[in-house]
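Remarks on the overall topology
One-letter residues, chain by chain:
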Amino acid sequence: MAAGDGVSRSLQDTPTWALATVCFIFIFISIFIEHLIHLLANWLRRHRKTALLEAVEKLKSVLMLLGFMSLILAVTQKTIPKICIPNSAAYTMLPCQKMAKTKTTKALEHKIHRDWLSTESNSVFQERRLAANSNESSSDYCSSKDMTSIISSEGMNQLSIFIFVLAVMQIIYSVLTMALGRAKMRRWKAWEKETQTTEYQAANDPNRFRYTRQTTFGRRHMTNCTESSLHLWTKCFFRQFFHSVAKVDYLTLRHSFIAAHLSTENMTFNFQKYIQRSLEDDFKVVVGISPVMWFIVVIFILLDVHGWHVYFWVSFLPLIIVLVLGTKLEMIVARMALQLKDKNSTIKGAPLVQPNDNLFWFSHPTFVLTLLHFTLFTNAFELAFFVWVTLTFGLKSCYHEKTGIIVIRVVLAVTVQVICSYITLPLYALVTQMGTNYKRAVLEEHTANVIKQWHATVKQKRKKQKDYSESVHDNSTTTWNSNRTSPQRLYSHPPSPTFTSTPAVASEIKISADHQQEIVVVQDGHTLSDHTVSSVAVQIEMPNVSVTRT
């Protein structure tokens, strides 16, 4: 075939070196990515990051699901396009406006097509034209029935690319959100160390009485703006943008958590590490794509009708959820402070709030994680759709008819990412610990790891002691008194013989085929005793005393 004729070629017409090169590149990239994931899993396993290891396993399951989707789309690439639907249904709910053809356009296309056919005098060129139109066989199949294919082969390829971009964007968004959130919570480590200082313990003396309003926690939350619910919601809405997690809130909630779930004497408990492990445990939920999320994708694709601007309104949904969620979390802290004010006008020691599930929506703190997961996924869908449309159809496609809408959607996606990482996620990590029940799995996992380490250490020590005792026993069995002529006492543990008191005694040990040892004691050329025992044969050379193993 001539180069540059614009006709697609099958593998029969493709050079083997080109096919082998492309195949090698795909295999190399796939193995390299799989090896990186394997190295990451081994690193997490060595550092006992069980929750993050489960998140990596969830990531692998998502990638495997994408592989199955791509395989199904590839296998059914010729079957599904042959499913025909009526023309009336084919031109309803289109994502782009249908371009109507005028009579002049139709006549011009007909003339061009007729002139092009008149130039096809070569039979080889006819075969090339048929090969180029082979992908349109399904369309011709439905056109012969005066119907339309439900989806073309090209459309299936574009759908496969969109699903891949969406999954990758979801993973990137989740990892980026978690990384930025943990960077924001890094200063909590210094606050945790401060709780072990003498100054902190003196300031929070358990025998010290104070008015509730005079505490730092009380001055922050017990103001005149908390008299009505409207004022309180307004205050909490704006507070999330300025010092969403204050130092006094962290210390008060930490003290309350320890008092409610552990013991007031256990003030050395590292609350910051507990929150970190809890957040790692939640990450395995956020990084995945649940069946409900895939169903939501189907709903979004269904409603993407030209003129409805559904994606424009959907772009506001993550922002609204994030703002309402941050306000609710601030409200929970404020209501716990108000409950403390209503119960006691004076307190003893540090302020103690009461954790309660009733402060959360539907009395389920885990519902907050569900909303956070939905927010991240919706935001990832918005950005993934923009990237996919830009790479597939370009910036001037029908999906980007209005530049202003596209700019607003991208700005909203970036804004939600920043708010969710630096405001909502730290609030969620701290406030959701104020439920009635703490995450026992996190503590049990940590405790189980400590017990396993202790068990392995004890087992290793016992093994060393056993080896040492066996070595001492073997050495003791080789030391026997040559004055003893009775073979039954050869393997007792008498005092070691001295050279001055040892007579000329020779003993011969023979091992029979059945692993029995025949011991013969000889003195002055005469056999004194003959006995057969089951023991370990050894060889000892001493003056006038010899044991020969045969």
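Every chain is numbered independently, its residues counted from 1 as its sequence is written. At least 70 in pLDDT is required for a residue's local features to be given in this predicted model, at least 80 for side-chain atom pairs to be given and counted, and no such filter applies to totals for whole chains, interfaces and linings, which use all residues. Here the side-chain values reflect all heavy atoms present in the structure, with hydrogen atoms and water set aside.

**Side note on the state of the cysteines**
We count it as follows: Any cysteine sulfur atom paired with another within 2.5 Å is treated as part of a disulfide. Helical segments are the DSSP runs of H or I of at least four residues, strand segments are the runs of E of at least two, and each set is numbered from the N terminus. Accessible area is worked out with a 1.4 Å probe on protein chains only. A residue is then buried under 20% of its type maximum, exposed over 50%, and partly exposed in between.
Considering all chains together, one arrives at 2 disulfides under this definition. Here C84 is linked by a disulfide to C142, with a sulfur-sulfur distance of 2.1 Å. As the torsion about the S-S bond is roughly -85°, the C84-C142 disulfide counts as left-handed. Note that C84 is positioned in strand β1 (residues 84–85) and C142 in helix α6 (residues 137–143), a separation of 58 residues in sequence. According to the relative accessible area criterion, C84 is buried, its value standing at 18%. When its relative accessible area of 1% is taken as the criterion, C142 is described as buried. What pairs with C96 in a disulfide is C398, and their sulfur atoms sit 1.5 Å apart. Disulfide C96-C398: the torsion about the S-S bond is 50°, which places it as right-handed. Highlighted residues: C96 in the loop between α3 (87–90) and α4 (103–118) and C398 in the loop between α17 (366–393) and α18 (403–431), separated in sequence by 302 residues.

**Description of the packing of helix α7 (residues 153–184) against α17**
Short version of the rule: To obtain an axis, a line is fitted to C-alpha atoms, over the contacting stretch when the element is a helix, and the angle between two such axes runs from 0 to 180 degrees between their N-to-C directions. Note on terminology: angles under 35 degrees are roughly parallel, angles over 145 are roughly antiparallel, angles of 65 to 115 are roughly perpendicular, and the others are oblique. By the definition used in this description, the sense in which the near helix is turned from the far one sets the handedness, with an anticlockwise turn below a right angle giving left-handed and a clockwise turn giving right-handed. Each residue gets one of three labels, nonpolar for Ala, Val, Leu, Ile, Met, Phe, Trp, Tyr, Cys and Pro, charged for Asp, Glu, Lys and Arg, and polar for the others, Gly among them.
Their axes nearest at 8 Å, the elements α7 and α17 cross at an angle of 135°. Considering their axes alone, α7 and α17 lie oblique with respect to each other. Crossing angle aside, the handedness with which α7 passes α17 is right-handed. Its residues assigned to classes, the contact of α7 with α17 comprises 16 nonpolar, 6 polar and no charged.

**Let's talk about the packing of helix α14 (residues 291–302) against α17**
If you want to describe how two helices pack, look at the angle between their axes and the distance between the axes. Note the threshold: Residues count as neighbours in contact if any of their non-hydrogen atoms are within 4.5 Å of one another.
Two elements in contact, α14 and α17, have axes separated by 11 Å at closest approach and are oriented at 40°. Between α14 and α17, the crossing angle belongs to the class labelled oblique. Judged by the twist between their axes, the crossing of α14 over α17 is right-handed. From α14, M293, I296, V297 and F300 reach across to α17, where they touch H373, F374, F377, T378 and F381. Tallied by class, residues from the contact of α14 with α17 come to 7 nonpolar, 2 polar and no charged.

**Focus: a nonpolar patch on the surface**
Formally: For patch building, the residue pool is restricted to those with more than 30% relative accessible area and no salt bridge; the joining distance is 9 Å between like charges and 5 Å between nonpolar side chains (Val, Leu, Ile, Met, Phe, Trp, Tyr). Per-residue and other accessible areas were derived by the Shrake-Rupley procedure at a 1.4 Å probe size, with only the shown protein chains allowed to occlude residues. A pairing counts as a salt bridge when a side-chain nitrogen of Lys or Arg comes within 4 Å of a carboxyl oxygen of Asp or Glu.
A cluster of nonpolar side chains, F24, I25, F28, I29, F32, I33, L36 and L39, forms an exposed patch at the surface whose accessible area comes to about 790 Å². Residue placement: F28 occurs in helix α1 (residues 16–46).

**A word on the nonpolar core**
Put simply, the rule reads: Residues grouped as a nonpolar core are buried Ala, Val, Leu, Ile, Met, Phe, Trp, Tyr and Cys residues, joined through side-chain atoms within 4.5 Å.
Counting 89 residues, the largest nonpolar core has W188, Y250, F257, F271, I275, Y428 and L430 as its most contacted members. For this core, the element with the most residues is α17, which contributes 13 residues. C236, M331, A334 and L338 belong to the second-largest nonpolar core, a separate cluster that totals 5 residues.

**Observations concerning the pattern of salt bridges**
In this structure the tally under the stated criterion is 7 salt bridges. Taking the shortest distance from any N to any O, the salt bridge between E57 and K60 comes out at 3.9 Å. In this pair, E57 and K60 both sit in helix α2 (residues 50–75), 3 residues apart, roughly one turn of the helix. Residue E57 is classed as partly exposed on the basis of its relative accessible area of 37%. On the basis of relative accessibility, which here comes to 38%, the residue K60 falls in the partly exposed class.

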